[in-house]
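Examination of the molecular architecture
Here are the chains, one letter per residue:
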Amino acid sequence: MEEIKIHGARIHNLKNINLTIPKRQLVVITGISGSGKSSLAFDILFEEGKNQYLSSIGILAGLDSHDKFDMLEGIGPTVAVHQNTIRQSNPRSSVGTKTGILNQLALVYASDGKSLDEQSEHLSPGFFLYTTADGMCLSCKGSGFYYDINLEQLIPDQTTTLMNVYESMKVTTGFLRILKKKYGMYFETPFWELPEDIQGEVVYGTYDNGKQSYCLERILRNAYEKGEDVEEVYAKTTCPVCQGERVGEEAKEVLLGGKQIGELGQMTLSNLFYFLGEIPQEDLSQFGKNVIKNVNKKIKHLIKSSLGHLTLYREMVSLSGGEVQRIFLHLHLESRLDSLIYVLDEPMAGLHPSEKLSMINEVKTLRDLGNTVIIVEHDSEMIRHADHIIEIGPKAGVEGGTVVYQGDYKEYVKANTLLSQYFSGQYLMPERRVKKHAIVKEHCLTLKHANTHYLKDLTVDFPLHAMVGIAGQSGSGKSSLIEETLLKRLTSAMKYGHAPGVVGVEGISGFVKVSQEPIGRSANSTPASYIGIWDKIRGLFAKQSEAKRRNMSAGHFSFNSKGACQECGGSGYKRIFLTSSFSVDKVCQTCHGKRFNEECLSVDYSGKNIADVLEMNITDAISFFVNQNSIVKSLRILEQMGMGYLTLGQPSSSLSGGEAQRVKLAKELGRKLKGNMLYVLDEPTTGLSLYDTALLLKLLNHLVDSGNSVIVIEHNVEVLKSCDYIIELGPEGGDKGGEIIAKGTPDELRANPNSKTGRYLA
């Protein structure tokens, strides 16, 4: 069949929709947040494509999908590249291991490498990989670094007592009592006069059954992990044995083109591509020439996908969702399979406007191989290049779930749907706020000597009481400047009263970081629990007369505790593992997905049981709990952000990066804050349509108008146009970035020939 036909699709908020999707085309499914587009793309097309394939080979033949739709024809083997499901957690997984490039280079070193010791034997490929027992540097276990305490910097005064040390580290009263029992006799002794064994215990602790006692190293490690700027005294230190190259001494004795494999692992992909191309052909066997040709083909493709700033040793856990997805897309393109159905989740996320065309071309290549490419996307450039557009809407939640447009782009701009009106110019984004005062030096946070990663010793002024945009191509240094430098120094300044390298902290009362990191990694975390209303809701149920008669506490209304269905443990489903890493979920036959036991479900509050409440969307919950202000306050903020469609019990792990970020922002705005706060947001428009972006801009403008400051790392030109001031990094990524190439108002960037962003702000 040349089409995928769906009849009666009704999962989540989809309203029994009928749809015909052409195959071997680039199909974009769009719609505002919560309209139902992901339900269609992932819960029906991907899941059913996977399930039908498994059934066809005799696996899970009894899996019933008729509760999702009436009929689905023409579906084939389906591959999903979903940002939420491809997040990496293995700290040893790197760009080099994930793409296979490191393994291929190891083969070349084993076959063609030149040993410094001419008498030595050839090493096997495993000796050139930090992931193997033979290859890893034993000192750092293949990580290339460790964390080191600079005691001379931490305790520079020879008269500082042990008590003074603990006080400077802000040790809590409780831990101070424990430490006093152990080291009380030394509290008034200058640290540098303590016996060496006591110094060692105080700094590094003792170990009992693998557990480290409370010590300075633990205090500093916790501070580092919380984002505090403690690097002057607790620094990530390059391993002195391998010099960060991760491999053992045997591998370091072998060179290719005059370099060790660890040196190649630390190069940016752009530099590595150039280096491999310059290796003299006479130094390589035919085998080596073939492998390097293949490696450079891979690297060239990654560079075209705006990943040239990455290194082979860059950990996958440190990549953004967009970067991870582009690597996975590369792997699929490399396989050159055809007749598959690919379902992609916002592949344009995290791309600078100048980088978007190359991603569009990559996706078209996947289509031209003979595949069907279905993309959930809001990006206007991707929508313009689509062969076929489907908009789900008209709005979100119960007001969404229908097909409001299906066809090509030319007709789309005439369609008069909620989103197409932004393309035709009928709807405009909120106008930029008019500044009440000029941006002046006296109202700035000043960051001095920023050298993190590739930053080139920058000194940067961030205007306060304004919305400041941080722009630049992928890898140009935006996150290094804000998240890894400014925020760490601010954290230290707020905790200790001062921090070197940041001036003007007295101009803010505090700061809030709103990142895209998941707000919960398990199905037990929900928006209701994250914003702090779940305990209040369970408390209400525990106060009902039926609950009191049964002697039920709030714990009886938790699917993590006494209220859980015994059959599924409160998950609502049974997970069936086909392999150690591949599984499918089947609805629990006892609770039918409700997660709770019968006793818990027998108690009502205003005619609803606890499972009914979790199934409510935020808009309905506001009406239901109208007399419970402590519950409704945070929910109203979420509704103002256009998130009234989210259900209270939706697993937090299923939220997109943009959704998670807005839930975090709502939680912060729901608190009693001091005012004059600095809000720092990292690409908040990820997952947002133009309609939702307009709602977010209104909120950010309101924050600034209320006397707060906003710094936003963003590629979205609609957000950058609305900023009072923009700081652009570049000119490129990796070691070719790290400089400020333009700064000023949007108008000033437009007129600046050095700016790579200004031309898109028209």
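All chains use their own residue numbering, which begins from 1 and follows the written sequence. Per-residue local features of the predicted model are confined to residues with pLDDT of at least 70, and side-chain atom pairs are confined, for both listing and counting, to 80 or more; whole-chain, interface and lining totals are unaffected and use all residues. Side-chain calculation: all heavy atoms of the structure are included, whereas hydrogens and water are not.

1. What to know about the environment of Gln-104
Cut-off, in case you're wondering: Helix and strand definitions follow DSSP, with helices as H or I runs of at least four residues and strands as E runs of at least two, each counted in order from the N terminus. Should any heavy atoms of two residues lie within 4.5 Å, those residues are counted as being in contact.
Looking at where Gln-104 falls in the secondary structure, it is placed in helix α3 (residues 101–112). Each C-alpha atom of the pair Gln-104 and Arg-221 lies 36 Å from the other, and the pair is 117 residues apart in sequence. Apart from the residues lying within four places of it in its own chain, the contact partners of Gln-104 are Val-291, Asn-294, Val-295 and Lys-298.

2. Considering the packing of helix α11 (residues 269–278) against helix α12 (residues 286–304)
What counts is decided by this rule: Every axis in this analysis is a line fitted to C-alpha atoms, fitted for helices over the stretch in contact. Angles between the N-to-C directions lie between 0 and 180 degrees. The labels follow the angle: roughly parallel below 35 degrees, roughly antiparallel above 145, roughly perpendicular from 65 to 115, and oblique for the rest. In a left-handed crossing the near helix is turned counterclockwise from the far helix by less than a right angle, and in a right-handed crossing that turn is clockwise. Note that Gly is not counted as nonpolar here; it falls among the polar residues with everything else outside the nonpolar set of Ala, Val, Leu, Ile, Met, Phe, Trp, Tyr, Cys and Pro and the charged set of Asp, Glu, Lys and Arg.
Contact geometry for α11 and α12: axes closest at 10 Å, N-to-C directions at 150°. One element, α11, and the other, α12, form an angle in the roughly antiparallel class. As α11 packs across α12, the resulting crossing turns out to be left-handed. Across the interface between the two elements, Leu-269, Ser-270, Leu-272, Phe-273, Leu-276 and Gly-277 of α11 pack against Ile-292, Val-295, Asn-296, Ile-299, Lys-300, Leu-302 and Ile-303 of α12. Class assignment for the residues of the contact of α11 with α12 results in 9 nonpolar, 3 polar and 1 charged.

3. Side note on the packing of aromatic side chains
Put simply, the rule reads: Pairing of aromatic rings covers Phe, Tyr and the six-membered ring of Trp, with a centre-to-centre limit of 6.5 Å; geometry is then stacked below 30 degrees between planes, edge-to-face above 60, and tilted otherwise. For each residue, the accessible area found with a 1.4 Å probe, counting protein chains only, is set against the maximum for its type, and the residue is called buried under 20%, exposed over 50%, and partly exposed in between.
The final tally for this structure, using the stated rule, is 15 aromatic pairs. Between Phe-175 and Tyr-214, the aromatic rings sit 3.8 Å apart at their centres with planes inclined by 10°, giving stacked as the arrangement. With Phe-175 in helix α6 (residues 173–183) and Tyr-214 in the loop between β9 (211–212) and α8 (216–225), the pair connects residues that are 39 residues apart, well separated along the chain. Centroid distance Phe-541 to Tyr-605: 6.0 Å. Interplanar angle 55°. Geometry classified as tilted. Residue Phe-541 is located in helix α20 (residues 534–542), and its partner Tyr-605 is located in the loop between α22 (598–601) and α23 (610–615); the two are separated by 64 residues in the primary sequence. Taken individually, Phe-541 and Tyr-605 each receive the classification buried, so the pair is uniform in this respect. Three or more aromatic residues joined by ring pairs form one cluster here, namely Phe-541, Phe-557, Tyr-605, Phe-624 and Phe-625.

4. So, the sheet that holds strand β12 (residues 341–345)
Spelled out, the test is: Criterion used throughout: strands pair if DSSP finds at least two bridges between them.
Within the open sheet, the 6 strands sit side by side as β5-β12-β13-β3-β14-β15. Their pairing is mixed. Of all the strands in the sheet, the pair left with one neighbour each is β5 (78–81) and β15 (402–407). For this sheet the average axis-to-axis angle between neighbouring strands, irrespective of direction, equals 15°. Pairing between strand β14 (residues 388–393) and β15: 5 bridges, direction antiparallel. The residue of β15 that forms the bridge with Glu-391 is Tyr-405. Sitting on the sheet, helix α1 (residues 37–56) touches β3 (26–30), β5, β12, β13 (372–376) and β14, and the angle it makes with β5 is about 135°. Against the sheet, helix α14 (residues 356–368) contacts β3, β12 and β13, and its axis sits at roughly 145° relative to β13.

5. Focus on the nonpolar core
We count it as follows: Here, the term nonpolar core denotes a set of buried Ala, Val, Leu, Ile, Met, Phe, Trp, Tyr and Cys residues that are joined through side-chain atoms within 4.5 Å.
With 137 residues, the main nonpolar core has Leu-276, Ile-537, Phe-625 and Leu-648 as its most contacted residues. Discounting chain neighbours no more than four positions away, the residues touching Leu-276 are Leu-105, Leu-264, Ile-292, Val-295, Asn-296 and Ile-299. Counting 28 residues, the second-largest nonpolar core is a separate cluster that includes Ile-155, Val-165, Leu-194 and Tyr-234.

6. Description of helix α18 (residues 478–496)
Under the convention used in this document: A helix is expected to reach a length of 1.5 Å times the quantity of its residues less one.
Taking 1.5 Å of rise per residue, 19 residues should cover 27 Å, and α18 covers 26 Å from first to last C-alpha, within 8% of that figure. Of the residues flanking the end of α18, it is Gly-497, one or two places downstream, whose phi is positive at about 90°.

7. Things to note about the pairing of strand β25 (residues 725–730)
In the case of a regular strand, side chains alternate between the two sheet surfaces. Across the 6 residues that make up β25, a large majority, 6, are buried. With 5 bridges joining them, strand β18 (residues 467–472) and β25 adopt parallel strand pairing. Bridge assignment links Val-468 to a residue of β25, and that residue is Tyr-725. Summarising the sheet, β25 and strand β26 (residues 739–744) pair through 5 bridges and their orientation is antiparallel. Its bridge partner lying in β26, Leu-729 is registered against Ile-740.

8. Here's the deal with the pattern of salt bridges
To be explicit about the condition: Take a side-chain nitrogen of Lys or Arg and a carboxyl oxygen of Asp or Glu: if they are within 4 Å of each other, that pair is a salt bridge.
By the definition in use, this model includes 20 salt bridges. For Lys-513, the salt bridge identified is with Glu-483, shortest N-O distance 3.7 Å. Taken as a pair, Lys-513 in strand β20 (residues 510–514) and Glu-483 in helix α18 lie far apart in primary sequence, 30 residues in all. What makes Lys-513 partly exposed here is its relative accessible area of 39%.

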